[in-house]
Amino acid sequence: MPPLGQHAIVVGAGIAGLVAGRVLADHYAQVTLLDRDSLEDSALPRPGVPQGAHLHALLAGGSMSLEFLLPGLQKDLEAHGAVPLVGGLDILVERAGRAPDARRDLGLRSFSLSRPLLELSIRRRACARRNLRIEGGVRVREIRIAANGCVEGVIASDGSLHPADLVIDASGRGDLTLRALETHGYPLPRTTAIGVDVHYATGVFAIPTDSRVDWKGVMTLPPAPHSTRGAIIAEMEGRRWMCGLGGRGSQAPPGDLVGFLAYLESLYSHTIFRAVRDAELVGAIRRFAFPESYQRHFEELERFPIGLLPVGDALCRFNPVYGQGMSVAAIQLRRLSELLEDAPPPAESLAKRFFEIAAEVRETPWSTSALPDLVFPQTTGERPSDLYPQLAYTAALHQLAQSDAQVHALLNSVLSLVTPRSALFKPELSARVRALARAPRELPMEPETLRSIDTELVRELICSQFPNWAHLKIEPVQPAGWDNRSFRLGTNLVVRLPSAARYSPQVDKEQRWLPHLAARLELPIPSPVERGAPGYGYPWSWSILRWIEGDTASLERISDPVRFARDLAGFLRNLHAIDASGGPRAGSHSFHRGGDLRVYDAETRRTLEERRGELDVEHAEQIWDLALGSQFESAPVWLHGDLAADNLLVRNGVLSGVIDFGCCAVGDPACDLTIAWTFLPDEARTAFREELALDPETWRRARGWALWKALITLDPTAAPSPTASERALRVIEELLGSPEV
């Protein structure tokens, strides 16, 4: 086959650039790799790859693609000390609150090694091709594109032109490509980004001669979403461990050895800490920050320069915690090799074909990394409307994999980028997984092995963290909460502990915003006194608040329901009037209270369908459709988010306080109006509506919120008490019987 061109240039001699050069060497007379670093024949980190001193994973799919393109590479790696890994057997995976993942041979092989060793081994194999050469110390400033839309070559920092028929941009984040498109009037690709704000610190430790561990690596996964702290350790060449700590935002790991070890010791598992606490640190602790994952949708572009191909991080960049980047690049370039070998497209359509292939390859790694990242409330980026059902499905899939070796092997194959993610949704497997998946509207429930939240636990936490209150009496608050468990501490305080991980972000929010709200409200609300830390098997932060006297609201305790309704409306007017600037916008932390009802559209319609024959589904669907058809177009306001009778206090027959602001947010106040149907009798409901004087559209959305809440509470497994589902049925009957708004 004649060559496709005389000269191809690859900008960047990292992993993606080296593999791209090897692919092009089969199809171009001469291939030149240009890199700003002076490349030495040694396995040492280099300035142009600042993350090179940190832990890198070569997944099985990436290892297989590299071996396909560079036969003999795996033997080279093993000869130079890379540590062979048996998938599922050699890496211990630890998850908060449950036993480590089952360890079994899952049939895939990969390597644990340093990034510099991998890069050096690939470089040596690639340079064995006589028509491929590397020029170090060359900084490329610009990609030159002619008036006819064809690439002419690249301009170096000294102004010299390096002509080429094809230019591969493997320089990193794709800045050269984006500048070239902008300079020459081409459209820029749409970008999907997820802000993760990951910080990590890495230390290399000499493995002690008396080490007796039964693993080659350990992953201590962060107990999402309340904490982002996690760690990973893996054996590498030279009988060393590379240990990395990861955290997001304010939970960034430190850069000194003392702080590094203390961070490790603070994790729920001490497996890694015990391994390295007495090991010798080799070199210094190194730190790195990763702001966001992204994928650029080049496949959507109708116009693109002929002879230009961005690869690697220029196309997509993944949270390094999942170790996918190098492997994705290798798989994409293997697919490019197959494309050029089987039926090379014309030069003008090469980019389009490659971008389509690259988009197909990235679908699995993007889905398997982006979805877990969206669990954390501080992650930015658009969340899919079915996020919680997807998370429930994933949790159930992992649960099934622990008891079924075939499912475990399939899941490992997908996560190793050998098998596409679609294999996890085949009908037979999907039916088994969905049978295990519960609570689809929220995060999966915590494992049963989580320690019980009882008086004994609270006593241990108080004695260890706040010994000045150790003498105070502790007793559970009745009725028991659902999102949180509350215990009275003495006469003036209450201890409040999240009951599951999905409620733990509320602690940060309440500590930050309750003092702000309390100072501006006439009725008493909880005010934080102290913040507690995890301990004694309890994995989340917790709060000590001021106790508010009063009894839980009930119609029997209210002397005048109409006055009660007007007082409650006055509280809401006051709350909604507080300046909402900088407040937490409605989202996963508030379970989307104050946000768009469409988040729960699929769940509501599915539940209605399941109740067909029991309820007037057609009428309920009309109420739901009216709610979805209404838009909130006013300025967002502060809202309580869970204004139910259990969160209202009464003294001497009148409203005396409002508690439980865990779902508070800034957004649409409609969700605060559901109490009109869930608690207030007819005359009081009328007074409530008159006092608030809100527009009909807001009340339509309020009916939608009330319908959704009642429907999900019909399920006894999701209800906080057996009688709650009975009350929910009465609420639905009330909604169906009340006049249209």
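Residues numbered from 1 in each chain as written. Predicted model: local features only at pLDDT ≥ 70, side-chain atom pairs only at ≥ 80, totals over all residues. Heavy atoms only, no water.

Caption draft 1: Structural view of the pattern of salt bridges. Here the structure, examined in full by the defined rule, presents 48 salt bridges. Between Arg46 and Glu119 there is a salt bridge; the shortest N-O distance is 2.6 Å. Placement of the pair is Arg46 in the loop between β2 (28-35) and β3 (56-58) and Glu119 in helix α4 (residues 115-126), with a sequence separation of 73 residues. We note that Arg46, like Glu119, is buried. Put simply, Arg700 and Glu697 hold a salt bridge, and the shortest N to O gap is 2.7 Å. With a gap of three residues between them, Arg700 and Glu697 both fall in helix α20 (residues 696-713), about one helical turn apart. For Glu697, a relative accessible area of 33% gives the class partly exposed. (Salt bridge = Lys/Arg side-chain N within 4 Å of Asp/Glu carboxyl O. Helix = DSSP H or I, 4+ residues; strand = E, 2+ residues; numbered from the N terminus. Buried < 20%, exposed > 50% of the residue type's maximum accessible area, 1.4 Å probe, protein only.)

Caption draft 2: Structural detail: the packing of aromatic side chains. Scanning the entire structure with this criterion turns up 20 aromatic pairs. A connected cluster of aromatic rings, assembled from ring pairs, spans Phe298, Phe304, Phe354 and Phe355. Residue placement shows Arg334 over the ring face of Phe68; its charged tip is 4.0 Å from the ring centre. Taking NZ or CZ as reference, Arg512 lies 3.8 Å from the ring centre of Trp513, over its face. (Phe/Tyr/Trp six-rings, centres within 6.5 Å; stacked < 30°, edge-to-face > 60°. Lys NZ or Arg CZ within 6 Å of the ring centre and 35° of its normal.)

Caption draft 3: Examining helix α14 (residues 505-518) more closely. In this model, α14 (14 residues) spans 20 Å end to end at C-alpha, consistent with the 20 Å of a helix rising 1.5 Å per residue. Of all the bends in α14, the largest measures some 35° and sits at Gln511, one to four residues before the proline Pro515. Among the residues of α14, Pro505, Gln506, Val507, Lys509, Glu510, Trp513, Leu514, His516 and Leu517 are the ones counted as buried. Against the buried residues of α14 lie β20 (484-489), β21 (493-498), β22 (528-532), β23 (542-546), α15 (561-577) and β25 (637-639). (Expected span 1.5 Å × (residues − 1). Bend = angle between axes of the 7 residues up to and from the residue. Contact = heavy atoms within 4.5 Å.)

Caption draft 4: How the structure looks around the sheet that holds strand β16 (residues 280-296). If you trace the seven strands from one edge of the open sheet to the other, you get β5-β13-β14-β15-β12-β16-β18, paired in mixed fashion. Bordering the open sheet on either side are β5 (91-94) and β18 (316-317), each of which pairs with just one other strand. Of the pairings in the sheet, the one linking strand β12 (residues 191-206) to β16 comprises 13 bridges and is antiparallel in character. Looking at the pairing, Ala201 lines up with Arg287 of β16. Helix α6 (residues 257-265) rests against β12, β14 (230-236), β15 (240-248) and β16 of the sheet, and its axis sits at about 75° to β15. (Pairing = 2+ DSSP bridges. Axes fitted to C-alpha atoms, helices over the stretch in contact; angles between N-to-C directions.)

Caption draft 5: View of the environment of Phe304. Residue placement: Phe304 occurs in the loop between β16 and β17 (308-310). Taking the relative accessible area as the measure of exposure, Phe304 reaches 15% and is therefore buried. Sequence-wise, Phe304 and Gly149 are 155 residues apart; in three dimensions their C-alpha atoms are separated by 7.9 Å. If sequence neighbours within four positions are ignored, Phe304 has contacts with Thr177, Leu181, Tyr186, Phe298, Pro310, Ala351 and Phe355.

Caption draft 6: Main features of the sheet that holds strand β10 (residues 161-163). Spatial ordering of the open sheet is given by β8-β9-β10, a layout of three strands whose pairing is antiparallel. Each having just a single partner strand, β8 (140-145) and β10 make up the two edges of the open sheet. The sheet shows a mean angle of 25° between the axes of neighbouring strands, taken without regard to direction. Sheet topology places β8 next to strand β9 (residues 151-156); five bridges connect them, and they run antiparallel.

Caption draft 7: Quick peek at helix α5 (residues 175-183). Considered for burial, the residues of α5 that qualify are Leu176, Thr177, Leu178, Ala180 and Leu181. The positive-phi residue at the C-terminal boundary of α5 is Gly185, with phi of around 80°.

Caption draft 8: Representation of the pairing of strand β26 (residues 648-651). Bridge analysis of strand β24 (residues 551-552) against β26 gives two bridges, and the strand direction is antiparallel. The partner of Asp551 across the bridge, within β26, is Val650. Between the antiparallel neighbours β26 and strand β27 (residues 654-658) lie two residues, among them Asn652 with a positive phi of about 55°.

Caption draft 9: The arrangement of the nonpolar core in detail. Formed by 157 residues in total, the largest nonpolar core has its most connected members in Phe564, Phe571 and Phe688. By residue number, the principal contributor to this core is helix α9 (residues 347-373), which donates ten residues. Discounting chain neighbours no more than four positions away, the residues touching Phe571 are Leu521, Leu523, Ile525, Val658 and Phe661. Counting residues in hydrophobic clusters, the runner-up holds 22 residues, among them Leu92, Val218, Trp241 and Leu264. (Core = buried A, V, L, I, M, F, W, Y, C linked by side-chain atoms within 4.5 Å.)

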